[in-house]
Amino acid sequence: MNLARQILAMFLFSAAAFAGALSQQATELSTLLNRNETRLSTDQAQDIRRYLDLAIEIAEKPGSSSPSACYNKAPSWLSNDQKIRLCQGSTEAAVECFNAAPSWLSGDQKIDLCTDGGTERTAKCFNSAPSWLSGDQKIDLCKSGGTEEAAECFNAAPSWLSAEQKLRLCSDQGTTARVKCFNDAPSWMGVEDKLKLCNR
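Predicted, not measured: the structure shown is a model, and the values here were computed from it. (Residues numbered from 1 in each chain as written. Predicted model: local features only at pLDDT ≥ 70, side-chain atom pairs only at ≥ 80, totals over all residues. Heavy atoms only, no water.)

Caption draft 1: Geometry of the overall build of the chain. A count of helices and strands for the chain gives 13 helices and zero strands. The order of helices and strands in the chain, counted from the N terminus, is α-α-α-α-α-α-α-α-α-α-α-α-α. Within the chain, counting contacts between residues at least 6 apart in sequence, those at least 24 apart form 50% of the total. Of the roughly 10,400 Å² of accessible surface on the chain, 48% is carried by carbon and sulfur atoms. (Helix = DSSP H or I, 4+ residues; strand = E, 2+ residues; numbered from the N terminus. Contact = heavy atoms within 4.5 Å. Areas by Shrake-Rupley, 256 points an atom, 1.4 Å probe, with all protein chains shown as cover.)

Caption draft 2: Local environment of the pattern of salt bridges. In this structure the tally under the stated criterion is six salt bridges. Between R121 and E148 there is a salt bridge, with the nearest N and O atoms lying 2.8 Å from each other. Here E148 lies in helix α10 (residues 148-156) and R121 lies in helix α8 (residues 120-128), a separation of 27 residues in the sequence. Its salt-bridge partner being D184, residue K180 comes within 2.6 Å of it at the nearest N-O pair. In this pair, K180 and D184 are both assigned in helix α12 (residues 176-184), four residues apart and thus about one turn of the helix distant. The exposure class of K180 is exposed, given its relative accessible area of 54%. (Salt bridge = Lys/Arg side-chain N within 4 Å of Asp/Glu carboxyl O. Buried < 20%, exposed > 50% of the residue type's maximum accessible area, 1.4 Å probe, protein only.)

Caption draft 3: Fine view of the state of the cysteines. Taken as a whole and assessed by the stated rule, the structure comprises five disulfides. Disulfide pairing is shown between C153 and C170; the S-S distance is 2.0 Å. In this structure, the disulfide formed by C153 and C170 twists by about -75° around the S-S bond and is classed as left-handed. Taken together, the residues span a long stretch of sequence, with C153 in helix α10 and C170 in helix α11 (residues 163-170) at a distance of 17 residues. Accessibility expressed as a relative area gives 0% for C153, which makes it buried. Disulfide connectivity for the chain, with bonded cysteines indexed by sequence position, reads 1-2, 3-4, 5-6, 7-8, 9-10. (Disulfide = S-S within 2.5 Å.)

Caption draft 4: Structural view of the packing of α11 against helix α13 (residues 191-198). Closest axis-to-axis distance for the α11/α13 pair is 8 Å, and the angle between their directions is 25°. The angle between α11 and α13 falls in the class roughly parallel. For the pair α11 and α13, contact is made by Q165, R168 and L169 and by V191, E192, L195 and C198, respectively. For the contact of α11 with α13, the per-class residue count stands at four nonpolar, one polar and two charged. (Axes fitted to C-alpha atoms, helices over the stretch in contact; angles between N-to-C directions. Parallel < 35°, antiparallel > 145°, perpendicular 65-115°, else oblique. Nonpolar A, V, L, I, M, F, W, Y, C, P; charged D, E, K, R; others polar.)

Caption draft 5: Region of the structure containing unusual backbone geometry. Backbone geometry places D172, a non-glycine residue, at a positive phi of 60°. Tracing the sequence through the fold places D172 in the loop between α11 and α12. Assessed through its relative accessible area of 34%, D172 is described here as partly exposed. Even without being a glycine, Q173 presents a positive backbone phi close to 65°. Mapped onto the fold, Q173 is located in the loop between α11 and α12. The class of Q173 is partly exposed, set by a relative accessible area of 43%.

Caption draft 6: Structural context of α12. Buried residues of α12: R178, V179 and F182, and no others. Seen along its axis, α12 keeps its buried residues to an arc of 105°; they face one direction. Turned more than 90 degrees away from the buried face of α12 sit K180 and D184, all of them exposed. Looking at the buried side of α12, the elements it contacts are α10, α11 and α13. (Arc of directions from axis to C-beta.)

Function cannot be inferred from these measures alone, as they are strictly geometric.
Take a look at the structure:
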């Protein structure tokens with residue numbers, strides 16, 4: 001087994017360990033990489049460093065047992081990198097979101113939808129969004145912990161707004177309160193300013 005494969009194999013073992021052990025082993029692997037970096041290609045070294053940085057960040061984050069539990073419950077067919085992206089800073093709810101997302105989405109699309117606060121309700125948001133939106137547009141609407149309320153916001157927005165404008169209004173955990181904000185804004189205010197005012 002060449003050095004790159006050896007380091008990655010060791011990382012795979014450490015990534016499934018408890019948070020404290022993960023941090024310690026990731027630090028040890030970083031030292032090993034520093035000693036042998038000249039024997040690796042630039043791409044190999046960068047990839048391994050990226051894995052290590054993510055592992056240490058997960059392990060040292062407060063409440064890191066939640067990302068660890070998420071990692072351990074993630075579908076086994078996901079790559080190590082995909083599991084880390086799904087679970088970084090997340091709880092097991094991200095896996096529930098992943099499993100509830102439509103089967104026709106790719107693994108990477110499900111990760112984009114469910115990471116960073118996603119729950120099963122985030123998948124419901126995706127399913128509630130207008131059918132004529134593309135998969136990526138639905139992801140933009142619902143990601144970062146959005147719920148069905150974001151889809152309700154989109155559906156309630158003035159019909160004359162473009163899809164892109166509705167996405168800007170209702171993404172990032174939007175609710176119908178944003179539509180009310182938009183409608184109640186002064187009539188002399190332009191659309192751009194109303195969108196800035198009402199999206200958070």
